[in-house]
Amino acid sequence: MKTIDFGFIFLLVSVFSLSISSSGINPKYGRSTTFMARFPSSSIVVDQPEQQLSVSSKNNQLYRTKYFTQTLDHFNYNPHSYQTFQQRYLINDTFWGGVHGTENKKIKNAPIFVYTGNEGYIDWFAQNTGFMFEKAPHFKALLVFIEHRFYGKSIPFGGDKEIAYSNATTLGYLSSTQALADYATLIIDLKRNLSSIDSPVVLFGGSYGGMLAAWFRLKYPHVAIGALASSAPILNFENIMSPYSFNDIISQDFRSESENCYKVIKGSWQHIEDTANKPGGLQLLRKSFKICKNHISASSLENWLYTAYVYTAMTDYPTPSNFLSPLPAYPVKQMCKAIDDSKVSGNDILAKLYGAANVYYNSSGTATCFDLDDDSDPHGLEEWTWQACTEMVMPTSGNNKESMFPASEYDYNDRATYCKSMFDIEPRPNWITTEFGGHDIKVVLKRFASNIIFFNGLRDPWSGGGVLKNISNSIISIVAEEGAHHVDLRYSSKEDPKWLQDVRKSEVEIIEKWISQYYDDLARS
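Rules and cut-offs
- Residues numbered from 1 in each chain as written.
- Predicted model: local features only at pLDDT ≥ 70, side-chain atom pairs only at ≥ 80, totals over all residues.
- Heavy atoms only, no water.
- Helix = DSSP H or I, 4+ residues; strand = E, 2+ residues; numbered from the N terminus.
- Buried < 20%, exposed > 50% of the residue type's maximum accessible area, 1.4 Å probe, protein only.
- Areas by Shrake-Rupley, 256 points an atom, 1.4 Å probe, with all protein chains shown as cover.
- Axes fitted to C-alpha atoms, helices over the stretch in contact; angles between N-to-C directions.
- Parallel < 35°, antiparallel > 145°, perpendicular 65-115°, else oblique.
- Left-handed = near helix turned anticlockwise from the far one by under 90°.
- Contact = heavy atoms within 4.5 Å.
- Nonpolar A, V, L, I, M, F, W, Y, C, P; charged D, E, K, R; others polar.
- Disulfide = S-S within 2.5 Å.
- Pairing = 2+ DSSP bridges.
- Patch = residues over 30% accessible without salt bridge, like charges linked within 9 Å, V, L, I, M, F, W, Y side chains within 5 Å.
- Salt bridge = Lys/Arg side-chain N within 4 Å of Asp/Glu carboxyl O.
- Polar contact = N/O pair within 3.5 Å; in protein donor to acceptor, adjacent residues only side chain to side chain.

1. Side note on the overall build of the protein
A tally of regular secondary structure across the protein gives 18 helices and 15 strands. Split into buried and exposed, the 525 residues of the protein put 58% on the buried side. In the form shown here, the protein has an accessible surface area of approximately 21,200 Å², with 50% of it arising from carbon and sulfur atoms.

Printed below as a string of structure tokens:
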């Protein structure tokens, strides 16, 4: 089974930096207490064919799919650099004002909103970024969602994944810097073809896409006038932030709902190990968690539970969601209710854990068993492993004694060993801070940067690596104490709490100022 480390997933993506060392017994490195989460997929076996993630009715026919002939290598001039590939992008001009008048003898073009694609299918991100669709009429904006190279249908080398993913020679063209250059090239060409050179471009992105949006604004300020970087942990590199913060936040999410819930989960890992080591223990675990009759081990079950806790904390939204998995509103609260349920015997820890796992894996109640050996990848996240083995080295796997997960230390050597065996390469843990910065960010960005919104919800474990304070009058941090992973970019709902409505209102007002200032500057030029 090809297990995907949660740190490789990064979502909202986002996905998503935990240690790559395997959990359970590793004959070479000994027992690791670091769990590896996997992307939620078809690990549920139901009575009927599993339903695929459907396009929201709000999105139906709201975008057209197009392709752009993109350069393979923007930074070299050897013969291979001039190869091209077809890069997919989605476009919606339903509300675009185009060239809609003159002001001070200058042509005034309506804005273009661009989503900087994450590590997966671009249509998946478009379907879950309702904020852009909802605000397009207000701004008369053109919407563009650009797919990241090597993901979805934007595959170099003739679109052949077997070739593109075959080795480090071909995968070497997959990097954040190449992706940003892709976006700049496509945006400039699109504006030229639309005869809209003076249209202001505003970037949007969540998770890794949010990081790209912020970095794009720093690297290509002549192309985009501003960026909304939602849940973008741009400080999660090179020991800028504590490697304990990620799991600390997850632990606090659960502990804030119920001290008993937190304690049950904290003590469950040893209970699972002890049960598995008893005669008939694995059979008991299989029965207790309704695991399908193929593969089961203590470590695979722990990974499965860990995945549920991590993704539930990330998507602890105030309204029902279907981003990573169908979930009710406030799913962490629902998990803790299941664990605290007085109807479940106080000594039956496995039953309590099963109830919690059901919130994430079986909200429909149609599952007949759960497949721990499933390795499907419905959202096309596979090649994040390469990025996490090269430049996206994010230390987040530490667990202190207060964590609800077993105590562990982040060890870069685990990552390096895995990447050497997987790709025969050595990670570059300092490259992101070299290329984009991160150290002394308040001082550095204040000197030259402008027009970036950093949104972070403090219930999101990735917020530990986010920008949580204003840097200047135009580099704004919006922090929501009850917010989860890029919750601000989701479709709005009449059930949205006031704090979330206020967040979106503030973001709109800031973007309005950027665009107004751009038009004023253009008129004076």
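2. Let's talk about the packing of helix H10 (residues 281–289) against helix H11 (residues 298–314)
Interhelical geometry of H10 versus H11 gives an angle of 25° and a closest axis separation of 11 Å. Judged on the interaxial angle alone, H11 and H10 are roughly parallel. Both H10 and H11 take part in a crossing whose hand is left-handed. Where H10 approaches H11, its residues Leu 282, Leu 285 and Phe 289 are matched on the opposing element by Ala 298, Leu 301, Trp 304 and Leu 305. Grouping the constituent residues of the contact of H10 with H11 by class yields seven nonpolar, no polar and no charged.

3. A few points about the state of the cysteines
With the rule as written, the count across this model stands at three disulfides. Across a sulfur-sulfur distance of 2.2 Å, Cys 261 and Cys 336 are joined as a disulfide pair. Between Cys 261 and Cys 336 the disulfide shows an S-S torsion of about -75°. By sign, it is left-handed. Of the two residues, Cys 261 is situated in helix H9 (residues 259–276) and Cys 336 in helix H12 (residues 331–340); the sequence distance between them amounts to 75 residues. Note that Cys 292 is cross-linked by a disulfide to Cys 369, the S-S spacing being 2.1 Å. Taking the sign of the S-S torsion, about 90° here, the bridge from Cys 292 to Cys 369 comes out right-handed. Remark: Cys 369 occurs in strand E13 (residues 367–370) and Cys 292 occurs in the loop between H10 and H11; sequence separation between them is 77 residues.

4. Overview of the packing of H9 against helix H13 (residues 349–361)
Across the interface, H9 lies against H13 with an axial gap of 10 Å and an inter-helix angle of 120°. As for how H9 packs across H13, the hand of that crossing is left-handed. For the pair formed by H9 and H13, the contact residues are Val 264, Ser 268, His 271 and Ile 272 on the first element and Ile 349, Leu 350 and Leu 353 on the second. Here the contact of H9 with H13 is built from residues that sort into five nonpolar, two polar and no charged.

5. Side note on the sheet that holds strand E5 (residues 64–71)
Strand order in the open sheet formed by eight strands is E5-E6-E10-E9-E11-E12-E14-E15, with mixed pairing between adjacent strands. Two strands in the sheet have a free side with no partner beyond their single neighbour: E5 and strand E15 (475–480). Across this sheet, the average inter-strand angle for adjacent strands is 20°, counted without regard to direction. Of the pairings in the sheet, the one linking strand E6 (residues 84–92) to strand E10 (residues 142–146) comprises four bridges and is antiparallel in character. Looking at E10, one finds that Leu 90 is bridged to Phe 145.

6. Observations regarding the environment of Gln 86
Here Gln 86 lies in strand E6. Residue class for Gln 86 comes out partly exposed when judged on its relative accessible area of 36%. Sequence separation of Gln 86 and Thr 69 is 17 residues, and the distance between their C-alpha atoms is 4.9 Å. With near-sequence residues (within four places) excluded, Gln 86 lies in contact with Tyr 67, Phe 68, Thr 69, Lys 153, Ser 154 and Ile 155.

7. With respect to the environment of Ile 122
Mapped onto the elements, Ile 122 comes out in helix H2 (residues 122–127). When the C-alpha positions of Ile 122 and Arg 88 are compared, they lie 8.1 Å apart, and in sequence the two are 34 residues distant. With near-sequence residues (within four places) excluded, Ile 122 lies in contact with Arg 88, Leu 90, Tyr 115, Gly 117, Phe 145, Ile 146 and Glu 147.

8. Focus on a nonpolar patch on the surface
Taken together, the side chains of Val 443, Val 444 and Phe 448 present a nonpolar region at the surface, about 250 Å² in accessible area. Of note, Val 443 is situated in helix H17 (residues 441–448).

9. Comments concerning the pattern of salt bridges
Side chains that differ in charge, positive against negative, can pair when their charged atoms come close. This structure, assessed with the given rule, holds 15 salt bridges. Its salt-bridge partner being Arg 64, residue Asp 93 comes within 3.1 Å of it at the nearest N-O pair. Here Arg 64 lies in strand E5 and Asp 93 lies in the loop between E6 and strand E7 (99–103), a separation of 29 residues in the sequence. Of the charged contacts, one joins Lys 333 and Glu 257 as a salt bridge, the two residues approaching to 3.0 Å between their closest N and O atoms. Note that Lys 333 is positioned in helix H12 and Glu 257 in helix H8 (residues 245–257), a separation of 76 residues in sequence. For Glu 257, a relative accessible area of 27% corresponds to the partly exposed category. What emerges from the salt-bridge pattern is a single network uniting Glu 257, Asp 316, Lys 333 and Arg 459.

10. Things to note about the side chain of Asn 399
Position of Asn 399 relative to the elements: it lies in the loop between helix H14 (384–388) and helix H15 (412–423). Looking at Asn 399, the relative accessible area reads 5%, which means it is buried. Within polar-contact distance, the side chain of Asn 399 engages the side chain of Ser 403 at 2.8 Å.

11. Looking at unusual backbone geometry
Of note in the backbone geometry, Phe 157 takes a positive phi value of approximately 60° without being a glycine. Structurally, Phe 157 can be placed in the loop between E10 and helix H4 (161–164). Under the relative-accessibility criterion, Phe 157 is labelled buried at 19%. Even without glycine at this site, Asn 239 takes up a positive phi of about 60°. Looking at where Asn 239 falls in the secondary structure, it is placed in the loop between strand E12 (226–230) and H8.

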